[in-house]
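For reference, the chains in residue letters:
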Amino acid sequence: MASDHVIDHITLYLDDELQEEERAAFEAHVHQCPECWARLEEERELVMAIRQAASPHRAPQYLRARIEAMLRRSSLTDGVRRVRLWMPLAAAVVMLMSAMVWLAVRSGLHPAQPSAFARLAVNTHQRYTRGQLPLEITSHSPQEISRWFAGKLPFNLKLPDYPESPGQSKPYEVVGARLIGFQQDYAAYVAYRLRQRPISLLVTSETVARPTGGEEIAWRGLRFHFDAIDGWKVLTWSDNGLTYALVSDFEERGQASCIVCHPGAEDRPMLEGLNRR
Amino acid sequence: MIQHEAEQPKSRNIDQEVLEHLDALYGYAMSLVRNPTEAEDLVQEACLRALKSARRYPPTGDLKAWLFTILRNLWINHQKRRHRGPEFISLSAQSDEQDPLLDGMTDHRLRPDRLLDRSVLQANIRAAIESLPAIFREIILLRYVEGFSYNQIAGILGCPAGTVMSRLNRARAALRQRLLVIDRGP
């Protein structure tokens, strides 16, 4: 066996990738060839040094806990639910959240701990705003995003398209979306922007997450749970079999801002109701 | 007549196996993205996809390699969605037929005995590995940390075993170069 041929086999030998006969021939050669023996030892040392230096990572404990929780929830929601127009205007709900912050502060209540879903929504929003959470689809078209979600979720998600008045631009726009792992399934994440400020919406099945904790406010047949987590405002609620979480950093605003997003006559009673709170 | 009870195939505890490989998966994700938050996302998503898939089509082979394959495919998809491909290295300087190990040997400064002098700290080797392109970092991890065979690595990377061997050689050659730079100092 020529010396250069043996060098070709050093890596394979050390990686235990030689066939039995090749291995025997290799060993026979290096035992009578000091040069090849030396090179084998050098290479072995390098491999050992790599192994010793490249100490394995350990998964963070909270990640392990999250995966364990995901594994425990073995039942998947297979039912397909049709989402009605659940979001006739994300921006208006953000305004509602602002009002709720004010109410919570004024009433001096000490809300219960936010739900895991609310915390996930805030965490997801934070990562998105830091640029650490790439979107899987980037589009300003709610229809395109709805099509992208089709078949990926255990429920149907159809994003509404805000009706534009002639000559009027949308007060908010959808930016994109992606899937987010939650419990043992996917939640839908949709990124919005309202006047250059990010809004995150997370949607999952009501069987996977129910809104709990925070300040509870009944409104128009729904129960909203408001939380302020790490400076972010998150509102969670369930409707028609799905649970939503909406996150933003919006400050308290007046009714006029809500009207910008709710120009229709059908929205006025709702806004007036909010104003009376 | 002695009756033999039919040997029942042991039911596989996929959940437990996934947990056992969590550290390895996280390490692999870190070698690809080098960002703890992204690595956590990648691992969680890989576990989720694996579990959903396993319930439909229970895996029969090497679960660890299967999990690594899922994670890597997710990473590639994420990279594509970011409108930039995975980190590639130029192969123009050397073909797969050339052995960078031999090239390195022609320069005495690159000899492993110099590089592996006792004074070389393990931290330097870690730093050298960290400075490698993802394509080299991952193959070094797959082979030398996780101990996958060439065939298993080929399955994870979706390439022939011969490519694994040549890529591993190039990874080691690149590592030597980085070690030399560290050895020379600033």
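Summarised in this report is the structure supplied together with it. (Residues numbered from 1 in each chain as written. Chains lettered and ligands numbered in written order. Predicted model: local features only at pLDDT ≥ 70, side-chain atom pairs only at ≥ 80, totals over all residues.)

### Focus on the overall build of chain B
From N to C terminus, chain B includes 10 helices and 0 strands. The order of α-helices and β-strands along chain B, N terminus first, is α-α-α-α-α-α-α-α-α-α. A buried classification covers 40% of the 186 residues belonging to chain B. Counting only contacts in chain B whose residues sit at least 6 apart along the sequence, the fraction spanning at least 24 positions is 71%. (Helix = DSSP H or I, 4+ residues; strand = E, 2+ residues; numbered from the N terminus. Buried ≥ 20, exposed ≤ 12 C-beta atoms within 10 Å, placed from the backbone. Contact = placed C-beta atoms within 7 Å.)

### Focus: the overall build of chain A
Assigned secondary structure in chain A consists of 9 helices and 8 strands. Evaluated residue by residue, chain A yields a buried proportion of 36% over its 277 residues. Summarising the internal contacts of chain A: among those between residues at least 6 apart in sequence, 66% fall at separations of at least 24.

### Regarding the packing of helix α4 (residues 61-72) of chain A against helix α3 (residues 36-56) of chain B
For the pair α4(A) and α3(B), interaxial distance at closest approach is 11 Å and the crossing angle is 20°. Classified by the angle their axes make, α4(A) and α3(B) are roughly parallel. Note that α4(A) runs across α3(B); the crossing there is right-handed. Between α4(A), through Leu63(A), Arg66(A), Ile67(A) and Met70(A), and α3(B), the contact on the second element is made entirely by Glu40(B), Val43(B), Gln44(B), Cys47(B) and Leu48(B). (Axes fitted to C-alpha atoms, helices over the stretch in contact; angles between N-to-C directions. Parallel < 35°, antiparallel > 145°, perpendicular 65-115°, else oblique. Left-handed = near helix turned anticlockwise from the far one by under 90°.)

### Quick look at the interface of chain A and chain B
Chain A puts 34 residues into the contact, and the matching count from chain B is 42 residues. Only α1 (3-14), α3 (34-53) and α4 of chain A provide two or more residues apiece to the side of chain A that touches chain B. Ranked by the residues each element gives to the side of chain A that touches chain B, the list is headed by α3(A), at 10 residues. Tallied by class, residues from the side of chain A that touches chain B come to 15 nonpolar, 6 polar and 13 charged. (Nonpolar A, V, L, I, M, F, W, Y, C, P; charged D, E, K, R; others polar.)

### Thoughts on helix α4 (residues 63-81) of chain B
All names here are of chain B. With 19 residues, α4 should cover 27 Å at 1.5 Å per step; its first-to-last C-alpha distance of 27 Å lies within 8% of that length. Listed as buried for α4 are Lys-64, Ala-65, Trp-66, Leu-67, Phe-68, Ile-70, Leu-71, Arg-72 and Trp-75. Looking at the buried residues of α4, the elements they touch are α1 (14-20), α2 (22-33), α3 and α9 (150-157). (Expected span 1.5 Å × (residues − 1).)

### A short note on helix α7 (residues 122-130) of chain B
Looking only at α7(B), the buried set comprises Ile125(B), Ala128(B) and Ile129(B). One face of α7(B) carries all of its buried residues, which in axial projection span an arc of 100°. (Arc of directions from axis to C-beta.)

### Description of the nonpolar core
By size, the foremost hydrophobic cluster in this structure holds 55 residues, and its most contacted members are Leu25(B), Ala29(B), Val43(B) and Leu71(B). The contact partners of Val43(B), leaving out residues within four places of it in the chain, are Ala59(A), Leu63(A), Leu25(B), Tyr26(B), Ala29(B) and Leu71(B). Among the nonpolar cores identified, the runner-up in size contains 41 residues, and Ala118(A), Val174(A), Ala188(A) and Ala191(A) belong to it. (Core = buried A, V, L, I, M, F, W, Y, C linked by C-beta atoms within 7 Å.)

### Let's talk about the packing of α3(A) against α7(B)
Their axes nearest at 9 Å, the elements α3(A) and α7(B) cross at an angle of 85°. Considered as vectors, α3(A) and α7(B) are oriented roughly perpendicular to each other. Residue-level contacts link Ala49(A), Ile50(A), Gln52(A) and Ala53(A) of α3(A) to Gln122(B), Ile125(B) and Arg126(B) of α7(B). Grouping the constituent residues of the contact of α3(A) with α7(B) by class yields 4 nonpolar, 2 polar and 1 charged.

### Focus on the pairing of strand β3 (residues 185-194) of chain A
All names here are of chain A. Buried residues dominate β3, accounting for 9 of its 10 residues. Alignment of strand β2 (residues 172-182) against β3, held across 10 bridges, turns out to be antiparallel. From the neighbouring strand, Ile-180 faces β3, where its bridge partner is Ala-187. Here β2 folds back onto β3, and the loop between the two strands holds 2 residues, one of which, Gln-183, carries a positive phi near 50°. (Pairing = 2+ DSSP bridges.)

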